[in-house]
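# Inside the fold
The residues making up each chain are set out below.
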Amino acid sequence: MTTLIELLLGGLSMGAVYALIALGFVVIFKATEVVNFAHASLLLAGGYVTAVLHDDLGFWFALAVGIAGAAVVGAAVEFLVMRRYRGSDHSVLAIVTIGVDILLLTELTRRIGTRVLSPGDPWGDKVVTFGAVSMAQTRIAALLAAALLITAFLLAFRYTSWGVAMRAAAENPQTAALMGVRLGRVSLSAWAVAGALAAVAALFLTVFPTPGLERATSLAALKAFPAAILGGLDSTTGALAGGLIVGVIESLATGYQSDLSFLGRGIGDLAPYLVMVVVLLIRPAGLFGTKEPARV
């Protein structure tokens, strides 16, 4: 029972981090209807800046610079690349993001090399014990930070003028533009917000119990992609639910891997994708996605 509780708590904390990444996918999709395959490079960029600067600037200031840097990179990608292809088919734009991701990841992996970079976090390997249940302080910090950021985002999305513009652009971009919503500004802000959220997620993906930031850290974005699809690419609530579901499933499958040996090795990495496929077979739009009306 203790093991189950620890796995559930660990899964929820990692699921909250995946939700931050999935929220970035959803924000960009709602603003532009484009699936952003460059999200992995935004995550790695934010984590790299934080890890490189923490010795000189201190952890908290380096983290702020890393978040701002990832936001700037995201905004630059939108302004310098994606805006040039505005009006193109969405599948073409998605392919463009793949090219951007390859370019950014190639440069970042060249800089990182074979090193494993520490983010310089203040929690270290400290563990908090509740009775018989133990949990790393980094996991508690991840859960609290993700809950705070997601709540702030949802409130801003619901009650601010930026959120109104974002929802209007997502609902009907042509009508929103006629009503004075500047679609370019909405798209730019969406990429910036997605980059900032990815930078925060990168921090908690590289702290204890993981060894640190390395070239493979960007692959975490691939785990968050099933969360976004599972919840629904056009649903902010779905990103939260999908992230938590993926985190818990991955944690349980990894923790009980010896009991699931008949399914093969590495079932923990594969489980989120299996759940995603099952959900899509039942609900093609995801758990909270909007079902497109079909004319018959």
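Residues numbered from 1 in each chain as written. Predicted model: local features only at pLDDT ≥ 70, side-chain atom pairs only at ≥ 80, totals over all residues. Heavy atoms only, no water.

### Regarding helix α6 (residues 161-171)
The condition is simple: Whether a residue is buried, partly exposed or exposed follows from its accessible area with a 1.4 Å probe, protein chains only, as a fraction of its type maximum: under 20%, in between, or over 50%, in that order. Every helix listed is a DSSP run of H or I at least four residues long, and every strand listed is a run of E at least two residues long, numbered separately from the N terminus. The directions considered for the arc run from the helix axis to the C-beta atoms. Residue contacts are defined here by distance: any two heavy atoms, one from each residue, within 4.5 Å place the two residues in contact.
Within α6, burial applies to Gly163, Ala165, Met166 and Ala169. Projected down its long axis, α6 shows its buried positions confined to an angular sector of 160 degrees, all on one face. Facing away from the buried side of α6, by more than 90 degrees, are the exposed residues Ser161 and Glu171. On its buried face, α6 sits against α1 (2-32), α5 (137-159), α7 (173-178) and α8 (183-206).

### A closer look at the pairing of strand β2 (residues 133-136)
Operational definition: Two strands pair under a simple rule: DSSP has to find at least two bridges between them.
Examined bridge by bridge, strand β1 (residues 127-130) and β2 share 4 bridges and lie antiparallel to one another. Following the sheet pairing, Thr129 is matched in β2 by Ser134. Where β1 folds back onto β2 in an antiparallel hairpin, the turn is made up of 2 residues, including Gly131, whose phi is positive at roughly 65 degrees.

### A closer look at the confidence of the model for the protein chain
In regions of low pLDDT, the predicted coordinates are not meant to be interpreted in detail. For clarity, the threshold we go by: pLDDT expresses how confident the predictor is about each individual residue, on a scale running from 0 to 100.
With 96% of its residues at a pLDDT of at least 70, the protein chain reaches an overall mean of 89. When pLDDT is averaged over each element of the protein chain, helix α3 (residues 59-80) comes out on top at 96 and α7 at the bottom at 85.

### Considerations on empty space enclosed by the protein
The condition is simple: Two kinds of site are reported from a 1 Å grid over the protein atoms alone, namely cavities, where a 1.4 Å probe fits but cannot get out, and pockets, open sets with protein on both sides within 12 Å along at least five of seven lines, and residues are called lining when an atom falls within 4 Å of a point. Grid points are joined across faces, edges and corners, and a volume is the space filled by probe spheres set on the points.
According to the stated counting rule, one finds 1 cavity of 30 Å³ or more in the structure shown. Roughly 50 Å³ of internal volume is contained in the largest cavity. Taken together, Gly47, Thr50, Ala51, Leu117, Pro119, Ala199, Ala202, Leu203, Thr206 and Leu213 make up the full set of residues lining the largest cavity. For the lining of the largest cavity, the secondary-structure elements that each account for two or more residues are α2 (39-57) and α8. With 4 residues, α8 is the largest single contributor of residues to the lining of the largest cavity.

### Focus: the layout of surface pockets
Heads up, the condition is: Only Asp, Glu, Lys and Arg are considered charged, only Ala, Val, Leu, Ile, Met, Phe, Trp, Tyr, Cys and Pro nonpolar, and every remaining residue, Gly among them, polar.
Quantified by volume, the largest pocket comes out at close to 800 Å³. Along its surface, the largest pocket is lined by 35 residues, and Met14, Tyr18, Arg139, Thr210 and Glu250 are the ones closest to its centre. For the lining of the largest pocket, the secondary-structure elements that each account for two or more residues are α1, β2, α8, α9 (220-231), α10 (236-255) and α11 (267-282). For the lining of the largest pocket, the element with the highest residue contribution is α1, accounting for 8 residues. In the lining of the largest pocket, the residues fall into 14 nonpolar, 15 polar and 6 charged.

### Some points on the packing of α3 against α8
Rule in force here: Note on geometry: axes are lines fitted to C-alpha atoms, helical ones only across the stretch in contact, with angles between N-to-C directions running from 0 to 180 degrees. In this scheme, a crossing is called left-handed if the near helix is turned counterclockwise away from the far one by less than a right angle; it is called right-handed if the turn is clockwise.
The geometry of α3 relative to α8 is characterised by a closest axis approach of 7 Å and an angle of 145 degrees between their N-to-C directions. The crossing of α3 and α8 is right-handed. Here α3 contributes Phe59, Leu63, Gly66, Ile67, Ala70, Ala71, Gly74, Ala75, Val77, Glu78 and Phe79 to the contact with α8, which in turn contributes Gly184, Ser187, Leu188, Trp191, Ala192, Gly195, Ala196, Ala199, Val200 and Leu203. Grouping the constituent residues of the contact of α3 with α8 by class yields 15 nonpolar, 5 polar and 1 charged.

### Describing the side chain of Glu250
Keep this limit in mind: Here a polar contact is taken to be a pair of N or O atoms separated by no more than 3.5 Å, where protein atoms must pair a possible hydrogen donor with a possible acceptor and residues adjacent in sequence count only if both atoms sit in side chains.
Following the sequence through the fold, Glu250 ends up in helix α10. Take Glu250: its relative accessible area is 10%, and that puts it in the buried class. A polar atom in the side chain of Glu250 sits 2.8 Å from the side chain of Tyr18. Only 2.7 Å separates the side chain of Glu250 from the side chain of Lys223, close enough to count as a polar contact. The residues contacting Glu250, other than those within four sequence positions of it, are Tyr18, Lys223, Gly268, Asp269 and Pro272.

### Focus: the nonpolar core
Our working definition: By nonpolar core is meant a set of buried Ala, Val, Leu, Ile, Met, Phe, Trp, Tyr and Cys residues that side-chain atoms within 4.5 Å join together.
Counting 62 residues, the largest nonpolar core has Ile21, Phe204 and Leu205 as its most contacted members. Considering every element that reaches this core, the biggest residue donor is α1, with 14 residues. Residues within four places of Ile21 in sequence aside, it is in contact with His39, Leu43, Ala201, Leu205, Ala220, Ala221 and Ala224. Formed by 9 residues, the second largest nonpolar core is a distinct cluster that contains Leu44, Ala45, Leu105 and Leu117.

### Comments concerning the environment of Ala68
One can find Ala68 in helix α3. Sequence spacing of Ala68 and Val193 is 125 residues, and the spatial spacing of their C-alpha atoms is 9.6 Å.

### Overview of a nonpolar patch on the surface
The cut-off we apply is this: Residues enter a patch when their relative accessible area is above 30% and they make no salt bridge; the linking distance is 9 Å between like charges and 5 Å between nonpolar side chains (Val, Leu, Ile, Met, Phe, Trp, Tyr). For the accessible areas, the method is Shrake-Rupley and the probe is 1.4 Å, while residue cover comes only from the protein chains on display. By salt bridge we mean one thing: a side-chain nitrogen of Lys or Arg within 4 Å of a carboxyl oxygen of Asp or Glu.
A cluster of nonpolar side chains, namely Phe37, Ile95, Ile98 and Ile102, defines an oily patch on the protein surface of about 370 Å² accessible area. One can find Ile95 in helix α4 (residues 90-112). Here Ile95 falls in the exposed class, since its relative accessible area comes to 57%.

### Examining unusual backbone geometry
Residues apart from glycine generally show negative phi values, whereas peptide bonds are mostly found in trans. For the bond running from Phe208 to Pro209, omega is 15 degrees, close enough to zero to count as cis. With respect to the helices and strands, the residue Pro209 is situated in the loop between α8 and α9. Even without glycine at this site, Glu33 takes up a positive phi of about 60 degrees. If you trace the backbone, Glu33 turns up in the loop between α1 and α2. For Glu33, a relative accessible area of 37% translates into the label partly exposed.

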